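# Structural description and commentary
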Amino acid sequence: GQQLNQSPQSMFIQEGEDVSMNCTSSSIFNTWLWYKQDPGEGPVLLIALYKAGELTSNGRLTAQFGITRKDSFLNISASIPSDVGIYFCAGQASNTGKLIFGQGTTLQVKP
Amino acid sequence: EAGVAQSPRYKIIEKRQSVAFWCNPISGHATLYWYQQILGQGPKLLIQFQNNGVVDDSQLPKDRFSAERLKGVDSTLKIQPAKLEDSAVYLCASSLDRTTDTQYFGPGTRLTVL
């Protein structure tokens, strides 16, 4: 079945540092999404990418849809304590909307 | 606008018992999804409804799991009988239609099977 490999698995950084995480797939997706999940909550959509090569920003977050449509990365600039959480990439099947999630990147920010 | 509601938030049962989870999607959302999230992993789709019809249940363990959305609004997910490996968070999500990218997730039900 389809699988997404997300890395790194976890990161522990200092407040103010930039963060980068990425996701690769064995399959092509037409849409890539990045979600954040806080403890005890469901995932919340951060950024959606619809075209190969697309670079999209949302505040301090920037994400890119890889040219091959098999990968994506997420950057967080100038991290703050509230960035703590688990970040998931997800590829979406265009015919059904089904999401395939990566394993997640756990981010911890030291004040 | 109210979000996706789920209940209960937590449930502890013994193996071989039955359990049911309830989801109320955002008003007007035609598509409803149930995901299983095992600790340390990303959510995995169990079943997808479009109104009251099933679109995808290929990863639902049908020998023990069942789900329904009789009136195309609320949905219930049942496990009977539960196994230890069913311990997970069960997330419900909804979207306007199945091609819409934004799936709004509920807070989930954390199930512990002892």
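Described below are features of the structure shown in this document. What you see is a predicted model; the values in this text were computed from it and never measured.

Definitions and cut-offs
Residues numbered from 1 in each chain as written. Chains lettered and ligands numbered in written order. Predicted model: local features only at pLDDT ≥ 70, side-chain atom pairs only at ≥ 80, totals over all residues. Heavy atoms only, no water. Pairing = 2+ DSSP bridges. Helix = DSSP H or I, 4+ residues; strand = E, 2+ residues; numbered from the N terminus. Axes fitted to C-alpha atoms, helices over the stretch in contact; angles between N-to-C directions. 1 Å grid on protein atoms, 1.4 Å probe; cavity = no way out; pocket = protein on both sides within 12 Å on 5 of 7 lines; lining within 4 Å. Points joined across faces, edges and corners; volume = space filled by probe spheres on them. Nonpolar A, V, L, I, M, F, W, Y, C, P; charged D, E, K, R; others polar. Phe/Tyr/Trp six-rings, centres within 6.5 Å; stacked < 30°, edge-to-face > 60°. Buried < 20%, exposed > 50% of the residue type's maximum accessible area, 1.4 Å probe, protein only.

## Examining the sheet that holds strand 1 (residues 5-7) of chain B
Residues and elements named next belong to chain B.
- Across the sheet, which stays open at both edges, the four strands sit in the order 1-3-8-7 with antiparallel pairing between neighbours. Each of the sheet's edge strands pairs with one partner strand only, and the pair in question is strand 1 and strand 7 (65-68). Pairwise comparison of adjacent strand axes, ignoring direction, gives a mean angle of 15 degrees for this sheet.
- Note that strand 1 and strand 3 (residues 19-24) share three bridges and pair antiparallel. Residue Ala5 lies in a different strand from strand 3, and its bridge partner there is Asn24.

## Notes on the layout of surface pockets
- Taken as a whole, the largest pocket encloses approximately 620 Å³ of empty space.
- Along its surface, the largest pocket is lined by 32 residues, and A:Gln37, A:Ile86, B:Gln37, B:Leu39 and B:Gly40 are the ones closest to its centre.
- Tallied by class, the residues present in the lining of the largest pocket amount to 12 nonpolar, 16 polar and four charged.
- Counted as a void, the second largest pocket has a volume near 360 Å³.
- Taken together, 18 residues line the second largest pocket, and the ones lying closest to its centre are A:Phe101, B:Gln41, B:Gly42, B:Pro43 and B:Lys44.

## Some details on the packing of aromatic side chains
- Enumeration over the complete set of coordinates arrives at 10 aromatic pairs over all chains.
- Seen from their ring centres, A:Phe88 and A:Phe101 are 6.1 Å apart, and the 90 degrees between their planes marks the pair as edge-to-face. Pair noted here: A:Phe88 is in strand 9 (residues 85-92) and A:Phe101 is in strand 10 (residues 99-101), with a separation of 13 residues, a long-range link.
- Judged by relative accessible area, which is 1%, A:Phe88 ranks as buried.
- Residue A:Phe101 is classed as buried on the basis of its relative accessible area, which comes to 9%.
- Feature note: the residues A:Tyr35, A:Phe88, A:Phe101, B:Tyr33, B:Tyr35 and B:Phe105 constitute an aromatic cluster, connected by ring pairs.

## Some words on the pairing of strand 8 (residues 75-79) of chain B
All names here are of chain B.
- Burial along strand 8 is one-sided: the residues Ser75, Leu77 and Ile79 are buried and none of Thr76 and Lys78 is.
- Here five bridges tie strand 3 to strand 8, and the two strands are oriented antiparallel to one another. Residue pairing in the sheet places Cys23 in a bridge with Ser75 of strand 8.
- Here strand 7 folds back onto strand 8, and the loop between the two strands holds six residues, one of which, Gly72, carries a positive phi near 75 degrees.

These results come straight from atomic positions and should not be treated as a statement about function.
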